[in-house]
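Close look at the chain arrangement
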2 protein chains.
Amino acid sequence: MNQEFASSLLEGAVTELSRLPGIGRKTALRLALHILRSDESAGVALGEAIIKMRRGVRYCRKCHNISETDLCPLCADPRRDSRTVCVVESVKDVMSFENTGQFNGVYHVLGGVIAPMEGIGPEMLEIESLVARVAAGDIDEVILALSATLEGETTNFYIFRRLAPYADVRITQLARGVSVGNEIEYTDEVTLGRSLLNRTLFSDSIKR
Amino acid sequence: MNQEFASSLLEGAVTELSRLPGIGRKTALRLALHILRSDESAGVALGEAIIKMRRGVRYCRKCHNISETDLCPLCADPRRDSRTVCVVESVKDVMSFENTGQFNGVYHVLGGVIAPMEGIGPEMLEIESLVARVAAGDIDEVILALSATLEGETTNFYIFRRLAPYADVRITQLARGVSVGNEIEYTDEVTLGRSLLNRTLFSDSIKR
């Protein structure tokens with residue numbers, strides 16, 4: 001698309017906006033024109049929020065979650081159980097687990113999963129730092145909470161093998177089963193098989 | 001959605017991004033995390049481009065197209081025919097007509113169309129300033145180039161009536177007909193009827 005812009009400033013903003021994922025030049029133009037129609041203060045606030053975030057946000061030294069301080073609020077919170085570590089793929093997954101309200105431990109953000117097809121090997125992820133945390137003797141349980149995909153399972157297995165020398169540490173993974181709200185008819189057979197093998201006491205589910 | 005953000009800076013950026021049209025909180029979070037993963041310079045460039053655009057872009061005194069100067073580049077260009085004015089709904093439409101490469105006149109951007117259902121009356125559009133341009137005797141032809149919708153046709157008719165006193169000015173509108181590339185089978189009957197009534201000499205189409 002070759003568009004004639006009446007303003008190089010508009011063109012500049014459209015170019016930058018269209019670098020964002022899922023935002024093409026047409027959408028970027030629509031967004032830019034919306035910003036131009038809104039109050040000047042709103043447009044400036046958007047730009048400043050982006051700059052402040054990009055400059056201010058760092059990663060937690062311990063769990064690699066985003067943070068504005070050396071240690072993230074979760075790692076720094078003395079009320080959380082620092083001996084139970086939930087291993088997740090991304091910062092977004094930390095938010096997802098926090099939203100469940102069911103977890104009071106801490107996290108370890110890998111920054112992805114092993115995906116040879118995309119050229120992502122274990123050395124590109126925060127796996128060594130996880131092994132170091134475990135080796136330091138600070139951890140009782142590692143919960144592998146990666147996606148139930150081939151890449152996720154591969155990464156789970158890789159981490160499991162790397163942590164094998166530390167026999168005192170319990171390594172668990174998320175339960176596999178029928179998603180809450182899903183119908184049996186539309187649940188795939190692998191999931192159904194796992195959900196049968198890992199069946200739980202009905203009385204336990206009533207207590208919760 | 002109640003999400004726990006590890007960083008108020010991230011939360012601020014997500015809030016601002018989610019004010020954009022078509023961008024919900026989930027998408028805003030995805031965009032913000034993408035910005036965090038990219039180079040710091042890229043994130044800062046995006047923010048600065050938005051601020052610069054919002055602060056620097058004004059509207060052309062004459063045609064109300066966006067501009068960085070008092071007169072937009074199109075109105076200021078002496079090679080363009082300033083006596084032929086194409087009346088469009090938005091800045092985007094100016095770009096669309098410029099992209100055709102078929103127009104060498106100037107524009108008048110209304111800023112919308114009359115839409116009583118949305119509370120948009122003629123006084124909220126740049127119609128008076130169009131009448132003033134015509135009244136000043138600077139214009140030979142006004143091309144009504146609004147959408148072929150009920151609102152567009154209403155606005156066309158309103159402008160036509162307002163310009164009636166200026167009998168020397170030719171008032172034209174875009175041709176209605178079968179869109180190029182469209183099949184007759186899928187063209188609505190109103191369009192087909194208009195395309196029959198306004199049929200053109202085949203020999204004319206060969207010359208172009």
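No experiment lies behind these values; they were computed from the predicted model shown.

Residue and element names in this part refer to chain A. Two elements in contact, helix α1 (residues 8-17) and helix α2 (residues 25-37), have axes separated by 8 Å at closest approach and are oriented at 130 degrees. With respect to their mutual orientation, α1 and α2 come out oblique. Crossing of α1 against α2: the hand is right-handed. Along its contact with α1, which presents L10, E11, V14, T15 and L17, the element α2 presents R25, A28, L29, L31, A32, L33 and L36. Taken together, the residues of the contact of α1 with α2 sort by class into nine nonpolar, one polar and two charged.

In this section: the pattern of salt bridges. All names here are of chain B. Tallied over the entire structure, the rule returns 18 salt bridges over all chains. The partner of D70 in a salt bridge is R61, with the nearest N and O atoms 2.8 Å apart. For E98, the salt bridge goes to R80, with nearest N and O atoms at 2.7 Å. On the criterion of sequence distance, the pair formed by E98 in helix α5 (residues 91-100) and R80 in the loop between α4 (73-76) and β3 (81-88) is long-range, its members being 18 residues apart.

To continue, consider the confidence of the model for chain A. For chain A, the mean per-residue pLDDT works out to 89, and 96% of the residues sit at or above 70. Across the assembled chains, the prediction reports ipTM 0.75 with pTM 0.75.

Both copies of the chain are related through a single rotation about an axis accompanied by a shift along the same axis. Between chain A and chain B, the superposition needs a rotation of 180 degrees and an axial shift of 0.0 Å, giving an RMSD of 0.0 Å. Taken together, the rotation angle and the small translation identify this as a two-fold axis. Considering only C-alpha atoms, the residue of chain A closest to the rotation axis is G47 of chain A, which sits at 2.0 Å. A share of 100% of the interface residues of chain A reappears at the interface of chain B, consistent with the copies meeting face to face through the same patch.

Parameters at a glance
- Residues numbered from 1 in each chain as written.
- Chains lettered and ligands numbered in written order.
- Predicted model: local features only at pLDDT ≥ 70, side-chain atom pairs only at ≥ 80, totals over all residues.
- Heavy atoms only, no water.
- Axes fitted to C-alpha atoms, helices over the stretch in contact; angles between N-to-C directions.
- Helix = DSSP H or I, 4+ residues; strand = E, 2+ residues; numbered from the N terminus.
- Parallel < 35°, antiparallel > 145°, perpendicular 65-115°, else oblique.
- Left-handed = near helix turned anticlockwise from the far one by under 90°.
- Contact = heavy atoms within 4.5 Å.
- Nonpolar A, V, L, I, M, F, W, Y, C, P; charged D, E, K, R; others polar.
- Salt bridge = Lys/Arg side-chain N within 4 Å of Asp/Glu carboxyl O.
- pLDDT = per-residue confidence, 0-100.
- Least-squares fit on C-alpha atoms with pLDDT ≥ 70 in both.

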